[in-house]
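# Reading the structure
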Amino acid sequence: MQTSPVPQPQRIGVPRETFPGEKRVATVPDVVEKLIKLGFTVAVESGAGDAANFSDDAYRAAGAEIVGDAASLWAASDIVFKVRPPSSDEVALMREGTTLIDFIWPAQNPELMQQLAARKATVLAIDCLPRTLSRAQKMDALTSTAGVSGYRAVIEAANAFGRFFNGQITAAGKVPPAKVFIAGAGVAGLAAIGTAANLGAIVRANDTRAEVADQVKSLGGEFVKVDYEEEGSGGGGYAKVMSEGFQAAQRKMYAEQARDVDIIITTALIPGKPAPKLITAEMVQSMKPGSVIVDMAAEQGGNCELTVPGQAVVRHGVTIVGYTDLASRLAKQSSTLYATNLLRLTEELCKAKDGVAVVNMEDDAIRGLTVVKEGSITWPAPPLKQAPAPAPKAAAPVAEKKSSHGTGAPMSAKTLTIVFSVLAVLFWAIGAYAPVAFLGHFTVFVLACFIGYMVVWNVTPALHTPLMSVTNAISSIIAIGALVQIAPPDAGINGRPDGLILWLAFAALVLTAINMFGGFAVTRRMLAMFRK
């Protein structure tokens, strides 16, 4: 009886990035250990992690093999992890049937797609991940990269800006805080908002998607709304192209902000299209001398008309930063996050943990990522299957609510009559036989019960927290009564109460103090939940 051969573990290769100025690496030593636990062997080109401060010795210690040159690495690798799309020279080094995982941008690189298909490769483009799938978030390298870029954009702005971000009062005078306007509140924009706000700047932001307004405010920014009603969500976390009317109103708002703020950070991108021009040359000219613009969309043409991709230039006294490698300027952090995203993807490809990656085209996330399958171009992926809408349920009979405090139907006439009759007889008996001095105390007791019922018991439970101050006030009245009983004003004439009354008054005072101070402590903790 023949047994099927056991598949050999595949080899993951990590070459050094050849794109000019790229410092990131596709995996890091901590992730190498986890890839090996999945059954793979890992090879890293010598010096691949040097620019990100990951030495060859660190990779060796994690269990990776160090390969001296790129040609040997590509030739011996079953799977290749990269950051930037491969160059034509790198595609030529790839052996047939290799699986490539990296950023590809298939819409912008049709020639590269053809070259990869000619090598019979299987290509998973991390930029094509269906971002609307909740389970795909752990593999979302675009979000990881955008967060790092947004943070770095603020740091670059602070470096080019000639003043503090936060306002200060010094012996030399008052320093006003910087005003920062952020165009686009996606992942990168939100990261920039949080960073600028934490540095003490006055932050304003705008986005075509109205639903991000709450996110902007939660990070300490002010959402600046365009005076034009139009929905701007385009799906997949991106915005859509807006109408001419909206764009005209948006340009007017941007012109007003340009004249007022010190720093503008632009993040607007539309998938598969050049970056929209948001900041005109006239707006740049209207800005105060020494102002800064950081154009995060420079690689796709830029949101500012005067941006020079890859450079920082000065136009009309305004520094315009058009760096296209913001994530690479935090190479160690970016590489760590990207490597973790690829690890999560590898776990999805190798669920058996046998060191063999299986590209399952029935999996929505994997199907969206796969742009070339064994030499056949499979991009673009078909739309995600929408879950069928649940069938409308028949209206269930509404169960009658049980009576409780603050809710419930009033008593029936018969029940109300019986209750009032019993109480009337009880009160008559007390009035007929109780001592005269007792009646005054009893009257106060009945009124207190009535007030307590109306103030606390008869109020909807959702409103009990605002009534805590009222209950504390009532408790303080009880405390005053207890103190009077312990040391009555006429103690010198009539003497002090007997021991039973003293102990009851003392117990009332202790319990009231617990309620008062405990109530304030709980209120303080609840208010602390709303503080940043």
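Residues numbered from 1 in each chain as written. Predicted model: local features only at pLDDT ≥ 70, side-chain atom pairs only at ≥ 80, totals over all residues. Heavy atoms only, no water.

Rules: UniProt positions are given in the numbering used here, feature names are shortened, and annotations may be inferred rather than shown by experiment.
By the naming in an unreviewed UniProt entry, the protein chain goes by NAD(P) transhydrogenase subunit alpha and is assigned to Acidovorax delafieldii. Regarding the protein chain, the relevant UniProt record gives this comment under Sequence similarities (unreviewed entry): "Belongs to the AlaDH/PNT family."

## Considering the sheet that holds strand 6 (residues 122-125)
This is how it is decided: Strand pairing is defined by DSSP finding a minimum of two bridges between the two strands. We count a stretch as a helix when DSSP gives it H or I for four or more residues in a row; a strand needs E for two or more, and each element gets its number in order from the N terminus.
With mixed pairing, the 8 strands of this open sheet are ordered in space as 3-2-1-4-5-6-18-19. In the strand order of this sheet, the two ends are held by strand 3 (65-67) and strand 19 (376-377), each with one partner. For strand 1 (residues 11-14) and strand 2 (residues 41-45), the ladder comprises 4 bridges, and the chain directions are parallel. Paired with Arg11 across the two strands is Thr41, which belongs to strand 2.

## Re the sheet that holds strand 11 (residues 222-223)
Put simply, the rule is: Only heavy atoms matter for contacts: two residues are in contact if any of them lie within 4.5 Å across the pair. Between the N-to-C directions of two axes lies an angle of 0 to 180 degrees, each axis being a line fitted to C-alpha atoms and, for a helix, fitted only over the stretch in contact.
The strand order 11-10-9-14-15-17-16 describes an open sheet built from 7 strands, whose pairing is mixed. Edge positions in the open sheet fall to strand 11 and strand 16 (312-315), since each of these has one partner strand only. Note: strand 15 (residues 292-295) against strand 17 (residues 318-321), 3 bridges, orientation parallel. Within strand 17, the position partnered with Val294 by the bridge is Val321. Against the sheet, helix 6 (residues 141-160) touches strand 14 (263-266), strand 15 and strand 17, its axis set at about 155 degrees to strand 15.

## Section: the packing of aromatic side chains
In plain terms, the rule: What counts as a ring pair is set by centres within 6.5 Å for rings of Phe, Tyr and Trp (its six-membered ring), and what kind of pair is set by the plane angle: stacked under 30 degrees, edge-to-face over 60, tilted for all other angles. Exposure categories follow from relative accessible area, calculated using a 1.4 Å probe and restricted to protein chains: below 20% of the type maximum is buried, above 50% is exposed, and the middle band is partly exposed. Each ring is checked for a lysine NZ or an arginine CZ that lies within 6 Å of its centre and within 35 degrees of its normal; such an atom marks a charge sitting over the ring.
What the rule picks out here adds up to 6 aromatic pairs. With centroids separated by 5.8 Å and ring planes inclined at 10 degrees, the aromatic side chains of Phe103 and Trp105 adopt a geometry described as stacked. Note on Trp105: relative accessible area 33%, which makes it partly exposed. Ring plane angle 70 degrees and centroid distance 5.5 Å describe the contact between Phe181 and Tyr254, whose orientation is recorded as edge-to-face. Linking Phe181 in strand 9 (residues 179-183) with Tyr254 in helix 9 (residues 244-260), this pair joins segments that are 73 residues apart in sequence. Each of the two residues, Phe181 as well as Tyr254, counts as buried. Taken together, the aromatic side chains of Phe103, Trp105 and Tyr338 make up a single cluster linked through ring pairs. For the cation-ring pair, Arg84 lies above Phe19, with the distance from its terminal atom to the ring centre recorded as 4.2 Å. In this structure, Arg329 packs its charged tip against the face of Tyr323, placed 3.7 Å from the ring centre.

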